[in-house]
Amino acid sequence: MSRLQGKVAIVTGGAKGIGRHYSLALAASGARVMIADIADGKDVVAEIGKAGGQAASVVCDVADEASVKAMVAETLKQFGGIDILVNNAALYATLKPRPFDEWDTDLWDNVMAVNIKGTYLPCRHVAPHMIAKKAGKIINIASGAPYKGIPRMLPYVTSKGAIIAFTRALSRELGVHNINVNTLSPGFTLSDTGLANTVHVEEESEKARAGRALKRDAYPEDLTGALLFLASDDSNFVSGQSLVVDGGSANN
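Report on the accompanying structure. Worth saying up front: this structure is predicted, and the values here are computed from it rather than measured.

Rules of the game
- Residues numbered from 1 in each chain as written.
- Predicted model: local features only at pLDDT ≥ 70, side-chain atom pairs only at ≥ 80, totals over all residues.
- Heavy atoms only, no water.
- Core = buried A, V, L, I, M, F, W, Y, C linked by side-chain atoms within 4.5 Å.
- Buried < 20%, exposed > 50% of the residue type's maximum accessible area, 1.4 Å probe, protein only.
- Helix = DSSP H or I, 4+ residues; strand = E, 2+ residues; numbered from the N terminus.
- Contact = heavy atoms within 4.5 Å.
- 1 Å grid on protein atoms, 1.4 Å probe; cavity = no way out; pocket = protein on both sides within 12 Å on 5 of 7 lines; lining within 4 Å.
- Points joined across faces, edges and corners; volume = space filled by probe spheres on them.
- Nonpolar A, V, L, I, M, F, W, Y, C, P; charged D, E, K, R; others polar.
- Phe/Tyr/Trp six-rings, centres within 6.5 Å; stacked < 30°, edge-to-face > 60°.
- Lys NZ or Arg CZ within 6 Å of the ring centre and 35° of its normal.
- Disulfide = S-S within 2.5 Å.
- Pairing = 2+ DSSP bridges.
- Right-handed = clockwise from strand over helix to strand, strands pointing away.
- Axes fitted to C-alpha atoms, helices over the stretch in contact; angles between N-to-C directions.
- Parallel < 35°, antiparallel > 145°, perpendicular 65-115°, else oblique.
- Left-handed = near helix turned anticlockwise from the far one by under 90°.
- Expected span 1.5 Å × (residues − 1).

## Topic: the nonpolar core
Alright, step 1. Within the largest apolar cluster, 36 residues are counted, with the highest numbers of intra-cluster contacts made by Ile10, Met71, Leu85, Val126, Met130, Ile138 and Leu174.
Alright, step 2. Those elements giving two or more residues to this core turn out to be strand E1 (8-12), strand E2 (32-37), strand E3 (54-59), helix H3 (65-79), helix H4 (105-133), helix H6 (154-174) and strand E6 (179-186).
Alright, step 3. Ranked by residue count, the leading element in this core is H4, at seven residues.
Alright, step 4. Not counting residues within four places of it along the chain, the set of residues in contact with leucine 174 comprises Ala127, Ile131, Ile138, Ile179 and Val181.
Alright, step 5. Formed by 27 residues, the second largest nonpolar core is a distinct cluster that contains Leu26, Val44, Leu184 and Ala226.

Here it is, written out as structure tokens:
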């Protein structure tokens, strides 16, 4: 039997980039996957279906509460429950690195809305369904950046540091309901969306390799094993933790 057979997973930002790989990995392990993204996820749904899995997609703005509530309702309608929530949607690839005092305040607010509120809202509206059955896995995607204090990306690093703290606090509130809340914190990873932003690749790739114990680039496939661990019964006694998958960079 597949590791996640019979489970239902939501992946926000699951239509492209690293999120697409999360969606594919969950489906390959037996989960039925709802791809919730501001972009169209139909291609990923088709890809999962071709491989013999089950998936659906819904357009969702995670920073908008009405949109999140509609996404949760659609997931319940399609699949009848929710067992796993992967809060992956975030603003990163489109952000141009710059000094701390050159960030426009509207852009700062937008990053916080998507990266922090866009994690809170799915948790708020999915958790009641997990509480009702006394089980669930919430995986918040943070970053290795807060551990390193990466410069020139202050709002992004700040938002991802907040997710680590958010996870620790929420794990204590939901633990009494047998719900695991953990963070997966990737290092700089070469995904299709990341590669499309040559500024990030030029600024980060060489520095990332040099700072790692494992001297190579990271790819989305390097993250999916950790994701499946946190989504499966293998992590049933793990909560409030941040699993850093960065080739040993945060150790330096």
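From this point on, the discussion continues.
## Things to note about the layout of surface pockets
Which parts of space are left empty comes out when a probe the size of a water molecule is rolled across the atoms.
Alright, step 1. Its volume calculated, the largest pocket comes out at about 1,100 Å³.
Alright, step 2. Elements with a minimum of two residues in the lining of the largest pocket: helix H1 (17-28), E2, helix H5 (145-148), H6, helix H7 (192-196) and helix H8 (198-210).
Alright, step 3. Counting residues per element, the lining of the largest pocket draws most heavily on H1, which supplies four residues.
Alright, step 4. Tallied by class, residues from the lining of the largest pocket come to 23 nonpolar, 14 polar and nine charged.

## Some words on unusual backbone geometry
Alright, step 1. Its identity is not glycine, yet arginine 152 carries a phi of approximately 70°, on the positive side.
Alright, step 2. Within the secondary structure layout, arginine 152 lies in the loop between H5 and H6.
Alright, step 3. At asparagine 178, a residue that is not glycine, the phi angle is positive and equals roughly 65°.
Alright, step 4. Within the element layout of this structure, asparagine 178 appears in the loop between H6 and E6.

## Quick word on the packing of aromatic side chains
Alright, step 1. Within the structure shown, the criterion is met by one aromatic pair.
Alright, step 2. Between the aromatic rings of tyrosine 92 and tyrosine 156, the centroid separation amounts to 4.7 Å while the plane-to-plane angle is 45°, which identifies the pairing as tilted. Pair noted here: tyrosine 92 is in the loop between strand E4 (84-87) and H4 and tyrosine 156 is in helix H6, with a separation of 64 residues, a long-range link.
Alright, step 3. Arginine 98 extends its terminal NZ or CZ atom over the ring of tryptophan 103, reaching a point 4.2 Å from the ring centre.

## Side note on the state of the cysteines
Alright, step 1. Evaluated as defined, the whole model comprises zero disulfides.
Alright, step 2. For cysteine 60, which is in no disulfide, the shortest distance to another cysteine sulfur is to cysteine 123 and amounts to 13 Å.
Alright, step 3. The exposure class of cysteine 123 is buried, given its relative accessible area of 4%.

## Considerations on the pairing of E4
Alright, step 1. The alternating pattern of E4 places Ile84 and Val86 and Leu85 and Asn87 on opposite faces, both of which are buried.
Alright, step 2. Direction of pairing for E1 relative to E4: parallel, over a ladder of three bridges. Bridge pairing in E4 places valine 11 opposite valine 86.
Alright, step 3. Viewed along the sheet, the connection from E4 through H4 into strand E5 (residues 136-141) turns out right-handed.

## A closer look at the packing of H4 against H6
Alright, step 1. It is the contact of H4 with H6, at a shortest axis distance of 9 Å, that shows an interaxial angle of 20°. Taken together, H4 and H6 sit at an angle that is classed as roughly parallel. Here the hand of the crossing between H4 and H6 comes out right-handed. Touching Trp108, Val111, Met112, Asn115, Ile116, Thr119, Tyr120, Cys123, Ala127 and Ile131 of H4 are Leu154, Pro155, Tyr156, Thr158, Ser159, Lys160, Ala162, Ile163, Phe166, Leu170 and Leu174, all from H6.
Alright, step 2. Here the contact of H4 with H6 is built from residues that sort into 16 nonpolar, four polar and one charged.

## As for H6
Alright, step 1. Across its 21 residues, H6 extends 30 Å between first and last C-alpha, which sits within 8% of the 30 Å expected from 1.5 Å per residue.
Alright, step 2. Every buried residue belonging to H6 is among Pro155, Tyr156, Val157, Ser159, Lys160, Ile163, Ile164, Phe166, Thr167, Leu170, Ser171 and Leu174, and all of these are buried.
Alright, step 3. If you follow the buried residues of H6, they end up packed against H4, E5, H5, E6 and strand E7 (242-245).

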